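The chain contents come next:
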Amino acid sequence: MGFMAGKRILVLGIASKLSIASGIAAAMHREGAELAFTYQNGKLKDRVLGFAEGWGSNLVYPCDVTNDTQIVDLFSQLSENWDGLDGIVHCLAYAPAHELDGNYVDVTTREGFLTAHEISSYSFVALAQEGRELMRNRNGSLLTLSYLGAMRSLPNYNVMGLAKASLEANVRYMASSLGPEGTRVNGISAGPIRTLAAAGIKSFRKMLQHNASQTPLRRNVTTEEVGNSAAFLCSDLASGISGEILYVDGGFNTTAMGSLNDLDPKTNP
Ligand code: 0WE
């Protein structure tokens, strides 16, 4: 029996097979969880329905997190099938593309700033508000995805870094709010992974190469590895962990000065 047997988990943010949310769903399904899913818009509906079927689920709902009504409707529809909920996995982020290309001070706009924070951070607490009653007193957990850009500046990540910093604070405040009713709240700060969200980003290939060469494990992490850590955090194996940001990045965030490999003519002729 898997270590998530009997857990009912809602996963938001599947856009393709490559999505980190897909790696998380696969790991949770393997460990015995029952899953439900959302899609952002009609274009993604059939795709998410197909993935859900593969993980034994026919619980698939629309949810555009900029729409309060859709968030309310999501949990009322879910409650018609499930009398309780053990986890919400939030894998949503967005900033307008022009905010992620160029000098931060040059390219940041009021509108882009607000959009990035609304979709990437506010939506996490908005979902917690509406899911709260279904999750109360079940030792459930909420999980979101962050990135090192919350803590360090790096080229082009720009306003997304601020939104992830807000999201990480959101994790700590939500953990304090929901802890008394038995709900844990955590985040995973994943290393960079090639997904649809990364496809539009200039020089992402270069960043992946740099990241692999400067990471203790000398490689990038996979959605399967993030999925396994996510399954752990949403399981009772992690019953003592809340308000935490867990780095699943091969150790990248723990080092400085890099590997010096890029200066060695033998390994880098
Ligand atoms: O959080 C992210 C990316 C999230 C993201 C991606 C896009 C692409 C398409 C948010 N908004 C948009 N908007 C779009 O129009 N990551 C951790 C991946 C990522 O994105 C970067 C990175 C890394 C790493 C952007 C610039 C620099 C590094």
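Scope of this entry: the structure provided in the associated data block.

Rules of the game
- Residues numbered from 1 in each chain as written.
- Predicted model: local features only at pLDDT ≥ 70, side-chain atom pairs only at ≥ 80, totals over all residues.
- Heavy atoms only, no water.
- Buried < 20%, exposed > 50% of the residue type's maximum accessible area, 1.4 Å probe, protein only.
- Helix = DSSP H or I, 4+ residues; strand = E, 2+ residues; numbered from the N terminus.
- Contact = heavy atoms within 4.5 Å.
- Phe/Tyr/Trp six-rings, centres within 6.5 Å; stacked < 30°, edge-to-face > 60°.
- Pairing = 2+ DSSP bridges.
- Axes fitted to C-alpha atoms, helices over the stretch in contact; angles between N-to-C directions.

1. Topic: helix α9 (residues 223-233)
Among the residues of α9, those classed as buried are T223, V226, G227, S229, A230, A231 and L233. If you follow the buried residues of α9, they end up packed against α1 (20-30), β5 (141-146), β6 (184-190) and β7 (245-248).

2. Here we look at the packing of aromatic side chains
The way to describe two aromatic rings as a pair is by their centre distance and the angle between their planes. Following the criterion strictly, the structure yields three aromatic pairs and no others. Both rings, one in Y147 and one in Y157, keep their centres 5.0 Å apart while their planes meet at 70 degrees; by these two values the pair is edge-to-face. In this pair, Y147 sits in the loop between β5 and α6 (159-178) while Y157 sits in the loop between β5 and α6, placing the two residues 10 residues apart along the sequence. Of the residues examined, Y157 reaches a relative accessible area of 18% and is grouped as buried. Ring pairs connect the aromatic residues F37, F51 and W55, which therefore count as one cluster.

3. Let's talk about the environment of R30
Along the polypeptide, R30 turns up in helix α1. Overall, the relative accessible area of 49% leaves R30 in the partly exposed class.

4. Re the sheet that holds strand β2 (residues 34-39)
Spatial ordering of the open sheet is given by β3-β2-β1-β4-β5-β6-β7, a layout of seven strands whose pairing is parallel. The open sheet is flanked by β3 (60-62) and β7, the only strands paired with a single partner. Ignoring which end each strand starts from, the neighbouring axes of this sheet average 20 degrees apart. The sheet contact formed by strand β4 (residues 87-90) and β5 spans four bridges and is parallel. Paired with H90 across the bridge in β5 is T144. The strands touched by helix α3 (residues 68-81) within the sheet are β1 (8-12), β2, β3 and β4, with β3 carrying the most contacts at an inclination of about 160 degrees. Those strands touched by α6 are β4, β5, β6 and β7, and its axis lies near 170 degrees from that of β5.

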